[in-house]
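Take a look at the letters that make up each chain.
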Amino acid sequence: MSVSTAATAQTVCAPLPVLGGDVTVPLVTGGEVAYAALDYAASAPALQRVWDDVAAYAPYYGSVHRGAGYLSQLSTDLFENARLAVARFLDCRETDQLIFTRSTTDSLNLLARALPADCRVFVFETEHHASLLPWPDARVTYLDAPRTPRQAVETLERALADRAPHGPALVCVTGASNVTGELWPVRELAAAAHAHGARIVLDAAQLAPHHPVSVRDLDVDWIAFSGHKLYAPFGSGVLAGRADWLVAAEPYLAGGGASRQVTRRADGSVAVEWHENAARHEAGSPNVIGAYAVASACKALTEAGWDTLVARERHLIRTVREGLAEVPEVRILSLFGDDAPRVGVLSFVVEGWNSSHFAAALSAEYGIGVRDGLFCAHPLVRTLLGADHQAQGTCGAPEAAPGEKSLNAIRVSFGAGTPDEHVERFVSAVRELVTNGARWTYRTENGRCVPAV
């Protein structure tokens, strides 16, 4: 390899600076080790760039849209410019609205409140609960888990063709699974939805932090994602897309900011004229710092270059997959097969291990943070584990002793801030645990597997 080629490879594989990269944690076996945060799918660490931007703005914080003072005007400009920056990041259409929310869950619940009264909703059982549960049960068609991207499109086409009566319809689909990391055929699903007169909302919580997302290119009607998975701190989310259903709906929250004018009627009641822009669904004082943090993260990822970020993540995925493939007791969970493209999210089970016991040992003995459970995607994990849909299992550790079979899995997830050393340590730890067993004893306490004192 030439010097220039080696330098390019090193640049591609360099992680972005994130908070917590120098944090050390104690091990039950003695000593401390740098913490390996491999639970990005739940919450990614904040980018240092984002934190610095927020810290620089914090002294100038002021109430938005209501104040005549300098700081209020500054904050208002910052808040609305953040909205424009996120819209550019998503490649929104000129007529789209972008609403700041608390999270993906909040965004999809907002959209659920805005559906026309006779709207039918179609959602795969493979969705995260954030996109599986907000819709009224009487109007929802739950679709079985597909085993190929093509089957996903065909399943949706059949369901839409069979619906009667033909009224408004909405399809909700993930861009990348929070369990398997597999990429879904969003563009093809959007085409199928539109061909049958339906609209589509994309849950991009796991997609946006790993790949560029274009509302125009994917041709989705709405997109939702969370800031805390996009390397931004604080509780902010985004719902962006077509304005008509949002403007026609009652405000998600009633209160100041959502109302344009409030008057008393002759009979003593109150008449309200609501805004028709994004403010309609942003009642109350907004999370200005959270919105600014999301916009900062969008800018940071764009400036880092998606080609570089995606190449780095593929390198990490390859390291993990090849390492786990060398451990016969490990089974990686997948819907679409081993060769399916994915983001940096993988779930697996280990033969002879309770998944919560395994995750606890990774943390206590190696300083590695992963997730165990059903990942707020219970139907999907049950399907992947071949379990009955009525079988017991929770998002946390079950009441099962270490070594007992459990209805849950282990998830490792990573991204732009993950050093090579963290995934290499993870692979090595998995191999050691499977080969030699845990070096400590564990017990179940309040539903969690913890080291025995």
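Every chain begins its residue count from 1, and numbering advances along the sequence as written. Selection of residues for local features in this predicted model requires a pLDDT of at least 70, selection of side-chain atom pairs for listing and counting requires 80 or more, and totals for whole chains, interfaces and linings are taken over all residues. With hydrogens and water excluded, all non-hydrogen atoms of the structure serve as input to the side-chain values.

## What to know about the overall build of the chain
Secondary structure elements follow DSSP: runs of H or I of four or more residues count as helices, runs of E of two or more count as strands, with numbering from the N terminus. Helix and strand content of the chain: 14 helices and 19 strands. For the chain, the C-alpha atoms occupy an extent of roughly 80 × 55 × 50 Å along the three principal directions. Remark: exposure states derive from per-residue accessible area (1.4 Å probe, protein chains only) relative to the maximum for the residue type, with buried under 20%, exposed over 50%, and partly exposed in between. Expressed as a percentage of its 453 residues, the buried residues of the chain come to 55%. Residue contacts follow a heavy-atom distance rule, with two residues in contact if any of their heavy atoms lie within 4.5 Å. Expressed as a percentage of contacts within the chain between residues at least 6 apart in sequence, the contacts between residues at least 24 apart total 70%. Working definition of accessibility: Shrake-Rupley area with a 1.4 Å probe, residue cover restricted to the visible protein chains. When the accessible area of the chain is evaluated, it comes to approximately 19,200 Å², of which 53% is carbon and sulfur surface.

## Brief notes about the side chain of Ser334
Relative to the elements of secondary structure, Ser334 occurs in the loop between β13 (330–332) and β14 (345–350). A distance of 2.5 Å separates the side chain of Ser334 from the side chain of Glu182, its partner in a polar contact. In protein, a polar contact requires one atom able to donate a hydrogen and another able to accept it; more generally it is a pair of N or O atoms within 3.5 Å, and residues adjacent in sequence count only if both atoms are side-chain atoms. From its side chain, Ser334 meets the backbone nitrogen of Gly337 in a polar contact 2.9 Å long.

## Some details on the nonpolar core
Throughout this description, the term nonpolar core refers to a set of buried Ala, Val, Leu, Ile, Met, Phe, Trp, Tyr and Cys residues connected via side-chain atoms within 4.5 Å. Core analysis: the biggest nonpolar cluster contains 86 residues, and Val86, Leu90, Leu156, Leu202, Phe225, Leu230 and Val238 have the highest contact counts within it. Among the elements that make up this core, the one with the highest residue count is helix α10 (residues 288–304) (eleven residues). In contact with Val238, other than residues within four places in its own chain, are Val86, Leu90, Leu98, Ile99, Phe100, Thr101, Ser107, Ile223, Ala224, Phe225 and Val294. Counting residues in hydrophobic clusters, the runner-up holds 33 residues, among them Val327, Ala364, Tyr366 and Val423.

## Points about helix α7 (residues 186–195)
Residues of α7 that are buried: Val186, Leu189, Ala190, Ala192 and Ala193. Take α7 and look down its axis: the buried residues cluster within an arc of 160°, on one side only. The secondary structure elements touched by the buried residues of α7 are β5 (120–124), α6 (149–162), β7 (169–174), β8 (199–203) and α8 (215–218). Think of it as the arc spanned by the lines of direction from the helix axis to the C-beta atoms.

## Here's the deal with the pairing of strand β17 (residues 409–413)
Burial of β17 is extensive: five of the five residues sit out of reach of the surface. By the alternation rule, side chains of β17 split into Ala409, Arg411 and Ser413 and Ile410 and Val412, which are all buried. When DSSP finds two or more bridges between two strands, those strands count as paired. Pairing of β14 with β17 involves four bridges; the strand directions are antiparallel. Bridge pairing in β17 places Leu346 opposite Val412. Note that strand β16 (residues 371–373) and β17 share three bridges and pair antiparallel. Bridging across to β17, Gly373 finds its partner in Ala409.

## Some remarks on the packing of aromatic side chains
Put simply, two rings from Phe, Tyr or Trp (the six-membered ring, in Trp's case) pair if the centres are within 6.5 Å, and we call them stacked under 30 degrees between planes, edge-to-face over 60, tilted for the rest. Per the counting criterion, the structure on display carries twelve aromatic pairs. Within the aromatic cluster, the residues linked to one another by ring pairs are Phe348, Trp353, Phe358 and Phe426. Each ring is checked for a lysine NZ or an arginine CZ that lies within 6 Å of its centre and within 35 degrees of its normal; such an atom marks a charge sitting over the ring. A cation over an aromatic ring shows up here: Arg439 above the ring of Tyr366, its NZ or CZ 5.1 Å from the ring centre.

## Overview of the sheet that holds β13
Read across the open sheet, the four strands follow the order β13-β14-β17-β16; overall the sheet is antiparallel. Whereas interior strands pair on both sides, the edge strands pair on one side only; in this sheet they are β13 and β16. For this sheet, the mean inter-axis angle between neighbouring strands, taken without regard to orientation, is 30°. Helix axes use the C-alpha atoms of the stretch in contact, all axes being lines fitted to C-alpha atoms, and the angles between their N-to-C directions lie in the range 0 to 180 degrees.

## Examining a nonpolar patch on the surface
A cluster of nonpolar side chains, Tyr60, Tyr70 and Leu71, forms an exposed patch at the surface whose accessible area comes to about 350 Å². Relative to the assigned elements, Tyr70 resides in helix α3 (residues 70–89). Like-charged residues are merged into a patch within 9 Å and nonpolar side chains (Val, Leu, Ile, Met, Phe, Trp, Tyr) within 5 Å, provided each residue has over 30% relative accessible area and no salt bridge. Whenever Lys or Arg places a side-chain nitrogen within 4 Å of a carboxyl oxygen from Asp or Glu, that contact is recorded as a salt bridge.

## Observations concerning unusual backbone geometry
Of note, the phi angle at Tyr231 is positive, near 70°, even though the residue is not glycine. Looking at the secondary structure, you find Tyr231 in the loop between β9 (222–226) and β10 (237–241). You can call Tyr231 buried: its relative accessible area is 1%.

## Here's the deal with the sheet that holds strand β4 (residues 97–101)
Overall, mixed pairing links the seven strands, which are arranged β4-β10-β9-β8-β7-β5-β6 in an open sheet. Taken across any chain shown, the strands that pair with only one partner, and hence form the sheet edges, are β4 and β6 (140–143). Direction aside, neighbouring strands of the sheet carry axes that sit 15° apart on average. Relative to β10, β4 is paired through five bridges, and the arrangement is antiparallel. The partner of Gln97 across the bridge, within β10, is Gly241. In the packing of α6 onto the sheet, contacts are made with β5, β6 and β7, and the angle to β5 comes to roughly 160°.

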